[in-house]
Amino acid sequence: MSQVEKRPDPDALLALSGKEGVGKLRVFLGAAPGVGKTYAMLARARAAKAEGIDVVVGLAETHGRPETQALLEGMEVLSRRRIDYRGRTIEEFDIDAALKRRPKLILVDELAHTNAPESRHPKRWQDVEELLDAGVDVWTALNIQHLESLADVVSRITGVAVRETVPDRVLQDAADVILVDITPDELLQRLREGKVYVPETARRATQNFFTARNITALRELALRRTAERVDDQMVEFLRQSAIEGPWATSERLLVCIGPDSAAEAIVRAGARLANGLNASWVAVHVARLGQEEADADNVRRVDGALHLAERLGGDVERLTGEDLAGEILRYAQRENMTQIVVGRSRAGALARFLRRSLTDEIVRRATDVAVHVVLDAPEPQASTPPPRRFAGFVDWAGQLSAIGAVALTVGMGVLLDSGLRLQNFSAMFILPVLLCAARFGLWSAISAAILSFLAYDFLFVEPRYVFAISKPEEFVSLLVFLAAAIITGLLASQMRDHADALRIRAQTTQALFEFSRKLVAAKALEDVVWTATIQIQKIMDLACVVFLTPREGELGISAAWPPLDQLDAGESVAARWAFQKDEPAGWRTATLPNIRFQFRPLATPRGGVAVCGVAPKDAETPFSTQEESALSSLLEQAAIAIDRSNLIGESVKAAALEENEKLRTTLLSSLSHDLRTPLSSITAAVTSLRELGEKLPPDDRRDLLASIEEEAGRLARFIANLLDMSRIEAGGLAPMRELVNVPSVVRAATERIRKIYPDQKTAVSIAPDLPPIRGDANLLAQVMFNLLDNAHKYGGDSGAIVHARRDGDNLVISVTDEGPGVKVSDLDRIFEKFYRGGRSDGRKAGTGLGLSICRGLVSAMGGSIVAQSPAVRRRGTRIVMRFPVAEELKGISA
């Protein structure tokens, strides 16, 4: 039995090929400040420089440590960029200088550092990524507490909030991770000796962060993460080398996040679980239908959690539906998820009794997927205070409407009670509940239900005018009424929310339809760009600017609404970044997030076509789910429309190139035939005359000389046609506007053609007293000669017939041959350049320029020319020209 061929894992090879041309990242990882990360990095850098490697120190923080400072001696250190911010100067790493210097290896310390405002990137790790993309190797240092997925764990261990974080994927994508480790006792000793912080700062640090318990826990985290990284590298190497092993089955995690304060903790827990399993994961938020934008604070929390998931290497998805648990489970089944991560419900005992929480419902209904429930994480000590829930909560219009509606119902009840003496009309008090639910929502309906309950009990239930009930059945009736009113209000409120959601969706759909329709109506590229810009501004109510992808040079504003002359420096950099990197830049992105515009690339399967920038009116509020969806749809349609317009332009250019190529081929073919044939005849005649000379009879010599003269004339006519065609196309033809005696021109052209075709008949029929026309006699004579020459070529021995007559204010000249004629389908084409088809017998002759030149010359003199086929006439072909009679002779009868 033959051994099965072992092949490397294709996914591993694909990942390896994707790293070609990209710089390598080496991370010096430590458990805490002071373990010697910067020292170890600089020591290895000096060794690399000694080996001849081009090493530059982009930024190194020595914190005043003499032994670390000494390692910088003799090293090339880049100057820092100075930024003036709020009256003080901040020094930052100069990424532009680093890219300009472009060394083989650069050192950038403190990977988790937050850059000063107005910097290109908000975080230093993003500067490092840009260097790596440029092909520069980078060495950097990082403490374990700054890993994004471990930030909440470190906060629980140390009681200190971690503000600066680095996505886990940065460490995962690093080529090397070097653990710089010392024991807790050694680190505390260094701290006491002042080798980490100044004495006063060191004393406070040992009382808070730098305790033996904290350092040991952080050290364990660093060792575990480094071990996981080594294990991942080993598995990757084995797969690339086709070495067999018991590979784990692929896991996919679905992390469910809500709008509460625990969303980010759940995301981090899901990321840690995915990293431990080497699994891909998706963070999903499900909004109840019609409540996608109910609370701006909820929108902001969900948006922040989803952005965190992206930074941690996960994908994100937004769903909407009425059955939240069902939507999540259907998505998990559709996307082949193996595990679901959810947070523990915070609902109270009463809420749990009345209705299952989302977590409980998922656990109950999940049959073929594992569910992980994340325990609530305590709030960090330095966390922001929870939002005030009562502020802005009361809908005073709804509450006042509830009071008014109940008061009106009470008035109607009093009238009915005094007039009709009805025993029970409690159902009437359902009306204000329904009205308030339909108009103002759930809370107004609940207020109306309670007020109706109290008013009906106080005014219409015995004993009256006191909150007391004498009969048990009336008490039950009131409770049933209250329950029915609340349930009715709840259902009516839900119907209102659904109606509002459908109305908003219908408006969005209609807006997208109108946007698409207007884009389709716009044909020119400029019209498409302006239409897209104005419509996006109108629909989304934000400023919009569009840059078309330049063929060469810099990006320039193609359209902006409201009108905008130019962008500031930061906005221009963000627009160029979005174009070059094919990723969003600007407002609420990872690149220049403090500017007013967010720039997004508009791409199609053929590549990027434009960059669109949008500036919301409120820079503090992120786009809601519905706004994000609508904007993405608008930009996708705009990209398709711009690409369509580009394709139309390219197709026109391609057609023109194809036509030029066809004309070039035809011209070369015509030249090769119409030049070679007369030249061959002339050469043969000259050779015979030179070699035989006096030996030839006189008649033969005269025939040879006549042949030379005839072929030379043919060449002259051909060259003249080419020159005339060139003059017509170049617009250099300027015919004279003198009175032309048409009969004289026709007779002269006829005599000239008879000399060339002496054996063929040329008949002329000219009406008497023809008026003159305004034109150029020489050009008209050339047209007549070309038409007669064409008639004799295609008409055969029967010759040609010329007619000239007056038709109203026009003078009509026709040239008719008695040949087989032209196909009806070729009537318009016979006037095209180099067209020689169209004969019924399939033969071709001439260069195909004669009739094209005729059309150009006739049009230049203000006339028209058409061809008539055998379908109109019984035989031959007729070319008909019409010229207006001279203005001063119009109205005079012939």
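Residues numbered from 1 in each chain as written. Predicted model: local features only at pLDDT ≥ 70, side-chain atom pairs only at ≥ 80, totals over all residues. Heavy atoms only, no water.

Caption draft 1: Broad picture of the overall build of the protein chain. Each helix and strand counted, the protein chain has 27 helices and 24 strands in total. In the protein chain, the share of contacts with a sequence separation of at least 24, taken over all contacts with a separation of at least 6, comes to 68%. Summed over its atoms, the accessible surface of the protein chain is roughly 47600 Å², and 55% of this surface lies on carbon and sulfur atoms. (Helix = DSSP H or I, 4+ residues; strand = E, 2+ residues; numbered from the N terminus. Contact = heavy atoms within 4.5 Å. Areas by Shrake-Rupley, 256 points an atom, 1.4 Å probe, with all protein chains shown as cover.)

Caption draft 2: Broad picture of the packing of aromatic side chains. Applying the stated criterion across every chain, the model contains four aromatic pairs. Each residue in the set Phe-547, Phe-597 and Phe-599 is aromatic and connected to the rest through ring pairs, giving one cluster. If you follow Arg-588 out to its NZ or CZ, it ends over the ring of Trp-587, 5.9 Å from the centre. (Phe/Tyr/Trp six-rings, centres within 6.5 Å; stacked < 30°, edge-to-face > 60°. Lys NZ or Arg CZ within 6 Å of the ring centre and 35° of its normal.)

Caption draft 3: Representation of the nonpolar core in the model. Residues Ile-106 and Leu-107 are the most contacted members of the largest nonpolar core, which totals 63 residues. Tallying contributions element by element places helix α2 (residues 37-50) first for this core, with five residues. If we skip the residues at most four places from it in the chain, Ile-106 touches Val-56, Gly-58, Leu-78, Phe-93, Ala-98, Leu-131, Val-136, Asp-137, Val-138 and Trp-139. Residues Val-783, Val-815, Leu-827 and Ala-867 belong to the second largest nonpolar core, which totals 38 residues. (Core = buried A, V, L, I, M, F, W, Y, C linked by side-chain atoms within 4.5 Å. Buried < 20%, exposed > 50% of the residue type's maximum accessible area, 1.4 Å probe, protein only.)

Caption draft 4: Just the packing of helix α13 (residues 324-334) against helix α15 (residues 358-365), in detail. α15 packs onto α13 with a crossing angle of 50° between their chain directions and a minimal axis gap of 9 Å. Between α13 and α15, the angle falls in the class oblique. Handedness of the α13/α15 crossing: right-handed. Residues Leu-324, Ala-325, Gly-326, Ile-328 and Leu-329 of α13 form the contact with α15, whose participating residues are Leu-358, Glu-361, Ile-362 and Arg-365. Taken together, the residues of the contact of α13 with α15 sort by class into six nonpolar, one polar and two charged. (Axes fitted to C-alpha atoms, helices over the stretch in contact; angles between N-to-C directions. Parallel < 35°, antiparallel > 145°, perpendicular 65-115°, else oblique. Left-handed = near helix turned anticlockwise from the far one by under 90°. Nonpolar A, V, L, I, M, F, W, Y, C, P; charged D, E, K, R; others polar.)

Caption draft 5: Here's a closer look at the sheet that holds strand β14 (residues 557-561). The five strands lie next to each other as β14-β13-β17-β16-β15, forming an open sheet whose pairing is antiparallel. The outermost strands of the open sheet, each flanked by one partner alone, are β14 and β15 (585-586). Examined bridge by bridge, strand β13 (residues 543-548) and β14 share four bridges and lie antiparallel to one another. Counted as the bridge partner of Phe-547 is Ile-557 from β14. Across the sheet, helix α20 (residues 525-540) is in contact with β13, β14 and β17 (607-615); its angle to β14 comes to roughly 30°. (Pairing = 2+ DSSP bridges.)

Caption draft 6: Spatial organisation of a nonpolar patch on the surface. A cluster of nonpolar residues, Trp-396, Leu-400, Ile-403 and Leu-451, forms a patch on the protein surface that exposes about 440 Å² of accessible area. With three residues, helix α16 (residues 396-420) is the largest single contributor of residues to the nonpolar patch. As for its placement among the helices and strands, Leu-451 is situated in helix α18 (residues 442-460). Owing to a relative accessible area of 30%, Leu-451 belongs among the partly exposed residues under this scheme. (Patch = residues over 30% accessible without salt bridge, like charges linked within 9 Å, V, L, I, M, F, W, Y side chains within 5 Å. Salt bridge = Lys/Arg side-chain N within 4 Å of Asp/Glu carboxyl O.)

Caption draft 7: Fine view of helix α25 (residues 742-756). Between its first and last C-alpha atoms α25 spans 22 Å; for 15 residues at 1.5 Å apiece the expected length is 21 Å, and the two agree. Turning to α25, its buried residues number three or more, namely Val-742, Pro-743, Val-745, Val-746, Ala-749, Thr-750 and Ile-753. In an axial view of α25, the angular spread of the buried residues amounts to 160°, which keeps them on one side of the axis. (Expected span 1.5 Å × (residues − 1). Arc of directions from axis to C-beta.)

Caption draft 8: Focus on the side chain of Gln-760. Relative to the assigned elements, Gln-760 resides in the loop between α25 and β19 (762-766). With relative accessibility at 17%, the residue Gln-760 sits in the buried group. Of note is the side chain of Gln-760, whose polar atom sits 2.7 Å from the side chain of His-792. (Polar contact = N/O pair within 3.5 Å; in protein donor to acceptor, adjacent residues only side chain to side chain.)

Caption draft 9: Focus on the pattern of salt bridges. The tally for this structure, following the rule as stated, stands at 34 salt bridges. Here Arg-330 ties to Glu-327 by a salt bridge, and the two come within 3.1 Å at their closest N and O atoms. Remark: Glu-327 and Arg-330 occur in helix α13; sequence separation between them is three residues, near one turn of the helix. By relative accessible area, which is 42% here, Arg-330 ends up partly exposed. Given the relative accessible area of 22%, Glu-327 is considered partly exposed. The residue Glu-628 makes a salt bridge to Arg-600 at a minimum N-O spacing of 2.9 Å. With Glu-628 in helix α22 (residues 625-674) and Arg-600 in strand β16 (residues 598-604), this pair connects stretches of sequence that are 28 residues apart. Take Glu-628: its relative accessible area is 25%, and that puts it in the partly exposed class. Judged by relative accessible area, which is 11%, Arg-600 ranks as buried.

Caption draft 10: Representation of the packing of helix α6 (residues 151-158) against helix α11 (residues 263-277) in the model. Put simply, α6 and α11 touch, their axes get as near as 9 Å, and they point 110° apart. In terms of their interaxial angle, α6 and α11 are classed as roughly perpendicular. Residues Ala-151, Asp-152, Val-153 and Arg-156 of α6 touch α11, and the partners they reach there are Ala-265, Arg-268 and Arg-272. Residue classes in the contact of α6 with α11 are distributed as three nonpolar, no polar and four charged.

Caption draft 11: Focus on the pairing of strand β8 (residues 252-256). Burial within β8 is extensive, with four of its five residues counted as buried. Examined bridge by bridge, β8 and strand β9 (residues 280-288) share five bridges and lie parallel to one another. From the neighbouring strand, Cys-256 faces β9, where its bridge partner is Val-284. Regarding the hand of the β-α-β motif, the stretch spanning β8, α11 and β9 is right-handed. When β8 meets strand β11 (residues 339-343), the two strands line up parallel, connected through three bridges. Bridge pairing in β11 places Leu-253 opposite Gln-339. (Right-handed = clockwise from strand over helix to strand, strands pointing away.)

Caption draft 12: Local environment of the side chain of Asn-646. Turning to its location among the elements, Asn-646 is positioned in helix α22. Beyond its immediate chain neighbours, meaning those up to four positions away, Asn-646 contacts Leu-525, Arg-606 and Val-609.

Caption draft 13: Structural detail: α13. Among all positions in α13, only Leu-324, Ala-325, Gly-326, Ile-328, Leu-329, Tyr-331 and Ala-332 are buried. Residues of α13 that are buried in the fold lie against β8, β9, β10 (315-321), β11 and α15. Taken from the residues just after α13, Asn-336 is the one with a positive phi, measuring 60°.

Caption draft 14: The arrangement of the sheet that holds strand β21 (residues 800-807) in detail. The strand order across the open sheet formed by five strands is β19-β21-β22-β24-β23, and the pairing between neighbours is mixed. Looking along the sheet, the strands with just one partner apiece sit at the ends: β19 and β23 (864-868). Each adjacent strand pair in this sheet contributes to an overall mean axis angle of 15°, direction not counted. As defined by bridge partners, strand β22 (residues 810-817) adjoins strand β24 (residues 878-884) across seven bridges and the pair is classed as antiparallel.

Caption draft 15: Local environment of a negative patch on the surface. A cluster of acidic residues, Glu-310, Asp-315, Glu-317 and Glu-335, forms a negative patch on the protein surface. Tracing the backbone through its elements, the reader meets Glu-317 in strand β10. (Lys, Arg positive; Asp, Glu negative; His and termini not counted. Charge placed at Lys NZ, Arg CZ, Asp CG, Glu CD.)

Caption draft 16: Structural detail: the environment of Pro-562. Turning to its location among the elements, Pro-562 is positioned in the loop between β14 and α21 (569-581). Separated by 17 residues in sequence, Pro-562 and Val-545 place their C-alpha atoms 8.5 Å apart.

Caption draft 17: Just the confidence of the model for the protein chain, in detail. Per-chain confidence: the protein chain averages 79 in pLDDT, with 80% of residues scoring 70 or above. Confidence drops under pLDDT 50 across residues 377-393; counting only partners more than four residues distant or on other chains, this segment forms 11 contacts. Note that pLDDT drops below 50 for residues 838-843; the model gives that stretch 13 contacts with residues more than four away or on any other chain. (pLDDT = per-residue confidence, 0-100.)

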